[in-house]
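Results of the structural survey
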Amino acid sequence: MKLPNLNPASRMANGALFDKDGKPKPGIQRTVERAIEVQRPLVLANLRRMYAKNPQATAAEISADLERHYLAVITATGAAVGATAVVPAIGTIASLGLSAAATIGFLEATALYAQSIAELHGVHTGDPDRARTLVMAILMGEEGLALIQSVLRGSGGGATEHWGTVLGGSVSSPIARTIGHSIRRRFVRKMLAKQGSALLGRALPFGIGAVVGGAGNHMMGRAVVSATAQAFGPAPRVIPGELIQDLDR
C-alpha cells in the first residue's frame, strides 16, 4: 500500500521507498534487513556494559535498564532528526534524507534491544537467520505473533505462550526456516509503511517534526517493548550461567 500523498515531501519519501505499483524498490529490502543483522558480539557488548554497572544486578534489573536505554536513545534520535526540519539550510525536503537514516538507526537499536533481552532469557543469538526472524516478528507485533503461532500449529508443535524462546532454540531448523520465509515476505512492506509515516513526521517543518519524531519513535519503541515481553515473558530470576561466562570473558 502506498503512503498518502499529502504534500511534495510525502511524495518524495514515497517515491524513495516504493515503485509505481506500491512495491518496495530494489535494494530497499536488503538495506532494511542489514539494519537488523546485529552480530552476537555487539549484543554481548551491550549486555556487558549494563552488567558492568552493577555485577550484582538481577536479570530483571538489567532488562529494565535495557528498556530505559533503548527508549531514551530512539526518542532522542527521533526528536533530533525532526528538529532539523526547522533549520532553513536543511528544510523539510532535505531532512527526509536524515529521517531515512534515523529509520535505519531505529531498526538497529531495536535489533540490539530485542536480542539482548533474548540472551537474558537463555536464547543464544549466534544463528543470524533465527535472530533476524526473531527481530522481524517482534517488529511486526500481533501480525508476527499470529504468523508464528500458525506455523507452529501447522507443524504439529501447537501454540506456545512465549514464542521467542521456542523460535530461538527448541524449534527445529526446517520449521525456523519456514517461519523466517513467511515473516520476511511481509516484513519489509509493513515496516516501510509504518516507518514511512514516522519518516514524514520527523520531516515536518517549524519545529513540529521534533515533537512528532520523538513521540512517534517513543510510541513505536513502546510497542517493541510490549512485543518483546510477549515473546519471552517475565525476566528470569537469575542470569543464565552460560551468558555470565560470556560476559566475564
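Residues numbered from 1 in each chain as written. Predicted model: local features only at pLDDT ≥ 70, side-chain atom pairs only at ≥ 80, totals over all residues. Heavy atoms only, no water.

**Considering the environment of D248**
Within the element layout of this structure, D248 appears in helix α11 (residues 241-248). Judged by its relative accessible area of 53%, D248 falls in the exposed class. Between the alpha carbons of D248 and Y51 there is a distance of 9.6 Å; along the sequence they are 197 residues apart. (Helix = DSSP H or I, 4+ residues; strand = E, 2+ residues; numbered from the N terminus. Buried < 20%, exposed > 50% of the residue type's maximum accessible area, 1.4 Å probe, protein only.)

**Comments concerning the side chain of N46**
When you line up the elements, N46 lands in helix α3 (residues 40-53). At 2.6 Å, the side chain of N46 forms a polar contact with the side chain of R49. Polar side-chain contacts of N46 include one of 2.9 Å to the side chain of S116. Filtering out sequence-adjacent residues up to four positions away, N46 remains in contact with L66, L112 and S116. (Polar contact = N/O pair within 3.5 Å; in protein donor to acceptor, adjacent residues only side chain to side chain. Contact = heavy atoms within 4.5 Å.)

**Topic: α11**
Those residues of α11 that sit buried are L243, D246 and L247. Buried residues in α11, looked at end-on, bunch into an arc of 100°, giving them a common side. In α11, the exposed positions that point more than 90 degrees away from the buried face belong to E242, Q245 and D248. (Arc of directions from axis to C-beta.)

**So, the nonpolar core**
In terms of nonpolar packing, the biggest core is built from 56 residues, with I62, Y70, I138, W163, I183 and F187 touching the most fellow members. Considering every element that reaches this core, the biggest residue donor is helix α5 (residues 91-120), with nine residues. (Core = buried A, V, L, I, M, F, W, Y, C linked by side-chain atoms within 4.5 Å.)

**Things to note about the packing of α3 against α11**
Geometrically, a packed helix pair is captured by the angle between its two axes and the distance between the axes. At their nearest, the axes of α3 and α11 sit 9 Å apart, and the two run at 85° to each other. Judged by the angle between their axes, α3 and α11 are roughly perpendicular. Where α3 abuts α11, its residues R40, L44, L47, R48 and Y51 lie against L243, I244, D246, L247 and D248. Classifying every residue of the contact of α3 with α11 gives six nonpolar, no polar and four charged. (Axes fitted to C-alpha atoms, helices over the stretch in contact; angles between N-to-C directions. Parallel < 35°, antiparallel > 145°, perpendicular 65-115°, else oblique. Nonpolar A, V, L, I, M, F, W, Y, C, P; charged D, E, K, R; others polar.)

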